[in-house]
Structures are given as C-alpha cells and as structure tokens.
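Close look at the chain arrangement
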Amino acid sequence: MTPQRMGAAPGEALVIVGTQWGDEGKGKATDLLADDVDYVVRYQGGNNAGHTIVVGNTVLKLHLVPSGVMYPRVTPVIGDGVVVDPGVLLDELDELLAQGLDVSQLKISGNAHLIMPYHRELDAVTERHLGRQKLGTTKRGIGPCYADKAARVGLRVQDLYDMKIFRQKLDVVLKEKNALLSRVYNRMPMKAADIETEYTVYAERLRPYIADTMALLHDALEAGETVLLEGAQGTLLDLDHGTYPFVTSSNPVAGGALTGSGLGPKHVGRVIGITKAYVTRVGTGPFPTELPVEGALGCLAKGGPEEADIGRRMADVGKELGTTTGRRRRVGWFDAVLARYAARVNGLTEHFLTKLDVLSEFDELKVCRAYRYQGEEYEHFPPHQSIFHHAEPVYETLPGWRTDITAVTHYHDLPKEAQAYVDRLEQLAGVPIRWVSVGPARTQTLERG
Ligand code: GDP
Ligand code: IMO
Ligand code: MG
C-alpha cells in the first residue's frame, strides 16, 4: 500500500522511540513516517545504532545519519545529544553519495560530542577487562565518550573550528587517557599531534554541515513546519530507565528527545513507540521471556529442545543479526510488562508494531502478561533489579495463523488469529496500535483502523 501519512500538525514535533532493547524496526518506521515531515532529528546515541531501510531493491544501513535521508524534502539533523565519530560519519556520507542520495542538507549540531580514538580503545579494553561481566558493547566508544561529556572533559564538534582550543583540551584529557591506557591496560599511548592532524581533515570536510540546530528547529516549528525526533537504541537500554548496568550511555526515552534536540515539552504532540511483535536483545543482561539461541552472546535462556527449536526459528526467520555488529541477537516472546513500562516512561500515544510476519512461523504464540517472583505477581516493571533478574514470565497462549501475511495490503485481510494477537497486545500494553508491519519494505505496512 502507499506509505502512511503521519498527519503531523503544523508546528508539531513527534517522537519515535524503541520500546524494547533496540532493533525494533525504528529505521523502517522512521523512513515511512518521514514522508510528510520537514526535519528528522537524531537526538542521542551514536554509531552504535544500526537502522535498516528497505525501499525497492535499495537497502540502507544507517548508523549516524537520520532515517529521513531518503526524502529530498526532509532535512536530516544530528542533534546536540548525539556523539559523533567524524571518520565514521564521513564514510557513511560517502556511501550514501555512492548510492545516489543527496546528503547536502544534513545539519550537525556544534554541541554534539566527538568520539575520539581513545574512546574506541577504552571501550574495547574495558570490555576485555570485565571478562565474564562484560556488557557486550558495540565497541564504538559510546560509553567512554558520554562519560567524558559528564565529566566535562569531552571535545565537541564546535571545537573542530578552533584548533587552538581543540589542542588545549586534547592535551589535558590525553594525559589522563594515556596514563590509563598504558599503566592500567598495558596499551600504547596516543599522540596528540596525530589526533590533531586527523581531526583537522575531518573538520574541513564536515564544515558545510555544521549548524545551530536548536535555533533551526525552533525557527522551523515557528514557521509551521514539522519535526520527527528519531530515537536510537530503546527504552530498556536507557541509562536511567533501562536495565542498568546492561544499557547504553544515553537517554533513548522520549525525555531524551528534548534534551538531545533543544526542544521543550510543549513542542511534542505525539510519541510513537516502535514495538516488535516479539522481543530481541544484543549484548548481555536479563531478558525474562528469552528463548535459547545457540551462539547468541549473553543468552541466559534455559529450556529444552522444543524451546531451542522455537528460538532458532524465531531468530532465523526474523533474520535477527545485529546491523552494526553482525552478532546473533537473543530472541524471546512478547513481554507486556515491558510494553506497559515503555508506555509509561515515554508517555506513548501510539504503537507501531513490527515483524508480525515472523510469527506466522508458529502454531501457538506465547505472550507474557506478568512476572512471578517468590509467589507474587508483577504486572508492572519491578522496582528492584533482583526481581527482574529472577522474574518468571506468566504466559498466556494464543493461536497462531500459519499463513504468509507478507503480501497482505489491508489490516482487515489479516487472518483473524493475527488480528486477535494484535488486539491482545494492544489490550495488554494499554496504548493503541496504529500501524502493523508485515515485512521490511515500506509497502509492507498496514494502517489499523
Ligand atoms: P532498528 O535498529 O530499530 O532500526 O532496527 P534494525 O534495522 O536494526 O533491525 C530491524 C530489521 O528488521 C531490519 O533488518 C529491517 O529491515 C527488518 N524489518 C523491519 N520491519 C520488519 C517487518 O515488519 N518484518 C520483517 N520481516 N522485517 C522487518
Ligand atoms: P539500534 O538503534 C541494539 C546495546 C549493545 C550493548 C549495550 C551497550 O540499532 O536499535 P554501547 O555500544 O551502546 O555502549 O553498548 O547496548 N546496543 C544496542 N542494541 N540496538 C542498538 O541500536 C544498540 N546500541 C547499543 O549491544 O548491549
Ligand atoms: Mg538496529
């Protein structure tokens, strides 16, 4: 069917946020919904994100560039809350250019922090140091970069345009980083002059894109234009509201969309949660509804051959391989406790449900409606991590439909079991499901009446 319209009101900003542990299909949803907005803004995270867009035969895998880049009328913006690895960004822009896309409209905030070579190195060595306790980060330097931002020793994009200040800040911070790298982690120290030379080249190439993005967005909204704020990662990976410490170092939740773009609460009209019809996770940490998947890092699921078979089929049919790391993702049944939590913490107004087609594979579908711990039932996300770590899912079972639904073009043509599954998810999550995605392409999206 033709791409859905957002129906964004003039002067309105909308937020798109992942409701699980990332990879919910935010890239697809953002690309689709960006069709009638004027700006698409990334507000947090960095190139730890991997957002896939499929249009006809073209497959785009975006890491830093906002997912609205396919539309010539959309201005893509990298906001203040993002961390930018300039070399990676330039490579991504080159790739997009090679695919025939016009990226000249991209705007990058001068307040965004720069990922430096020592951030990448420290991300890798600290993970190694943690051994069995490791987080399974993407090793892109995200955590160390945000840590420096909070410690007020970070370098920002705007520092690239005053190399004297850049070098002064670099000299101060590198002294400490080199001591850490060489004395604690037994690595080679880095040279400030080498980094300065490398980043001077990036500065020149990025110059045309630098803008006062906060002012730009306010001017746009005042002129009646529309803004889509695109979250990376997901609610359960949020630094404050996720499954700490198994999280990323930024705020993907809707609140982060404001600090990460410089807009205020009054600008946001709607918050759209992107929700997979089952759940996946890359990296370590608790995952109550997890099914066993061989080779998935951090898999904690127990279960017999039957569960292992379901887990393997869910991961295979869903092609659950990390977009950024290529790692096999962990998979599990839909978890309504998480969905309710995401609805609250983000103030969701609607859901965009993805990957329903993957569940056509199964005779029966389980949905977790609550957790059980020490004889007590929890409908809401438990207040202590130990309860979550040991939570036993309380499942209800729904019939499957066992028919290919990828070519369905109207919601009411879905098998009645598939509609009943969506109805039940909506009831349990407590927020309307407005779109249902049945394949990776733009056209494989059903608007639910
Ligand atoms: P993101 O990080 O949230 O943007 O998600 P990813 O791009 O990392 O992973 C989602 C994957 O699922 C991508 O390969 C998408 O092309 C694919 N995808 C998105 N929606 C659907 C869907 O409805 N059905 C199927 N089968 N694949 C989908
Ligand atoms: P998108 O935007 C899924 C996970 C990592 C690790 C943890 C911390 O594609 O949904 P980090 O490198 O951020 O310090 O790693 O967060 N992670 C993601 N998982 N999708 C992502 O992004 C992720 N970005 C980070 O696997 O567990
Ligand atoms: Mg992804």
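In what follows, the structure referred to is the one given above.
Residues numbered from 1 in each chain as written. Chains lettered and ligands numbered in written order. Predicted model: local features only at pLDDT ≥ 70, side-chain atom pairs only at ≥ 80, totals over all residues. Heavy atoms only, no water.

**Quick notes on the coordination of the magnesium ion (ligand 3)**
- Ligation of the magnesium ion (ligand 3) by protein atoms is provided by Asp23 (OD) and Gly50 (O), these donors lying 2.0 to 2.2 Å from the ion. One end of the pair, aspartate 23, is in the loop between strand 1 (13-18) and helix 1 (26-33); the other, glycine 50, is in the loop between strand 2 (39-42) and strand 3 (51-55), with 27 residues separating them in the sequence. (Donors = N, O, S within 2.8 Å, 3.2 Å for Na, K, Ca; no water. Helix = DSSP H or I, 4+ residues; strand = E, 2+ residues; numbered from the N terminus.)

**Digging into the site of ligand 1**
- Around ligand 1 sit 18 residues, and of these Lys26, Gly50, Thr52, Asp357 and Ser437 come closest.
- Within the backbone of glycine 25, one N or O atom sits 2.9 Å away from an oxygen atom of ligand 1.
- Within the contact set of ligand 1, an oxygen atom lies 2.5 Å away from a side-chain nitrogen or oxygen of serine 437.
- If ligand 1 stood free it would expose 590 Å²; the protein chains cover 91% of that surface.
- Of all the secondary-structure elements, those providing two or more residues to the shell around ligand 1 are helix 1 and strand 3.
- Of the residues assigned to the shell around ligand 1, the class counts are 3 nonpolar, 8 polar and 7 charged. (Near = heavy atom within 4 Å. Polar contact = N/O pair within 3.5 Å; in protein donor to acceptor, adjacent residues only side chain to side chain. Areas by Shrake-Rupley, 256 points an atom, 1.4 Å probe, with all protein chains shown as cover. Nonpolar A, V, L, I, M, F, W, Y, C, P; charged D, E, K, R; others polar.)

**A look at the pattern of salt bridges**
- Taken as a whole and assessed by the stated rule, the structure comprises 31 salt bridges.
- A salt bridge links glutamate 24 to lysine 26; its shortest N-O distance comes to 2.8 Å.
- For glutamate 24, a relative accessible area of 1% translates into the label buried.
- A relative accessible area of 3% places lysine 26 in the buried class.
- With its nearest N and O atoms 2.6 Å apart, the salt bridge here joins glutamate 426 to arginine 448. Here glutamate 426, found in helix 12 (residues 416-429), pairs with arginine 448, found in the segment after strand 21 (445-447); they are 22 residues apart in sequence, far enough to count as distant. (Salt bridge = Lys/Arg side-chain N within 4 Å of Asp/Glu carboxyl O. Buried < 20%, exposed > 50% of the residue type's maximum accessible area, 1.4 Å probe, protein only.)

**A few points about the pairing of strand 5 (residues 75-78)**
- Residue alternation in strand 5 divides its side chains into two sets, Thr75 and Val77 and Pro76 and Ile78, and both sets are buried.
- The sheet contact formed by strand 5 and strand 7 (residues 107-109) spans 2 bridges and is parallel. Paired with valine 77 across the two strands is lysine 107, which belongs to strand 7. (Pairing = 2+ DSSP bridges.)

**Quick look at the sheet that holds strand 12 (residues 279-281)**
- Spatially, 3 strands are ordered 12-14-13 in an open sheet, and the strand pairing comes out antiparallel. The open sheet has two edge strands, strand 12 and strand 13 (290-291), and neither has a second partner.
- Sheet topology note: the strand 13/strand 14 (residues 330-332) ladder contains 2 bridges and is antiparallel. Note on strand 14: the bridge partner recorded for glutamate 290 is glycine 332.

**A few points about the nonpolar core**
- By size, the foremost hydrophobic cluster in this structure holds 41 residues, and its most contacted members are Leu89, Met116, Tyr118, Phe166 and Leu170.
- Tyrosine 118 has contacts with Asp148, Leu155, Leu170, Val173, Leu174, Lys177, Leu181, Met190 and Ile195, leaving out every residue within four places of it along the chain.
- The next biggest cluster of nonpolar side chains, apart from the first, holds 36 residues, and it includes Phe334, Leu359, Val367 and Trp401. (Core = buried A, V, L, I, M, F, W, Y, C linked by side-chain atoms within 4.5 Å. Contact = heavy atoms within 4.5 Å.)

**Topic: the sheet that holds strand 1**
- Within the open sheet, the 10 strands sit side by side as 9-7-5-2-10-1-11-16-20-21. Their pairing is mixed. Pairing within the sheet leaves two strands with one partner each, and these edge strands are strand 9 (210-211) and strand 21.
- Bridge count for strand 2 against strand 5 is 4 bridges, and the pairing is parallel. From the neighbouring strand, arginine 42 faces strand 5, where its bridge partner is isoleucine 78.

**Overview of the site of ligand 2**
- Taken together, 20 residues sit near ligand 2, with Asp23, Lys26, His51, Thr138 and Thr248 positioned nearest.
- One of the side-chain nitrogen or oxygen atoms of histidine 51 is found 2.7 Å away from an oxygen atom of ligand 2.
- Between threonine 138 and ligand 2, the recorded distance is 2.6 Å, taken from a side-chain N or O atom to an oxygen atom.
- Partitioning the shell around ligand 2 into residue classes produces 7 nonpolar, 10 polar and 3 charged.

**Re the packing of aromatic side chains**
- Under the counting rule described, the total for this entry stands at 9 aromatic pairs.
- Geometrically, the ring pair formed by phenylalanine 166 and tyrosine 199 is tilted, given 6.0 Å between the ring centres and 35° between the ring planes. Within this pair, whereas phenylalanine 166 is found in helix 5 (residues 163-184), its partner tyrosine 199 is found in helix 6 (residues 192-206), the two being separated by 33 residues in sequence.
- Here tyrosine 199 falls in the buried class, since its relative accessible area comes to 0%.
- Look at phenylalanine 381 and phenylalanine 388: their rings are 4.9 Å apart centre to centre, the planes differ by 45°, and that puts the pair in the tilted class.
- Through pairs of rings, three or more aromatic residues link up here, namely Tyr341, Tyr371, Phe381 and Phe388. (Phe/Tyr/Trp six-rings, centres within 6.5 Å; stacked < 30°, edge-to-face > 60°.)

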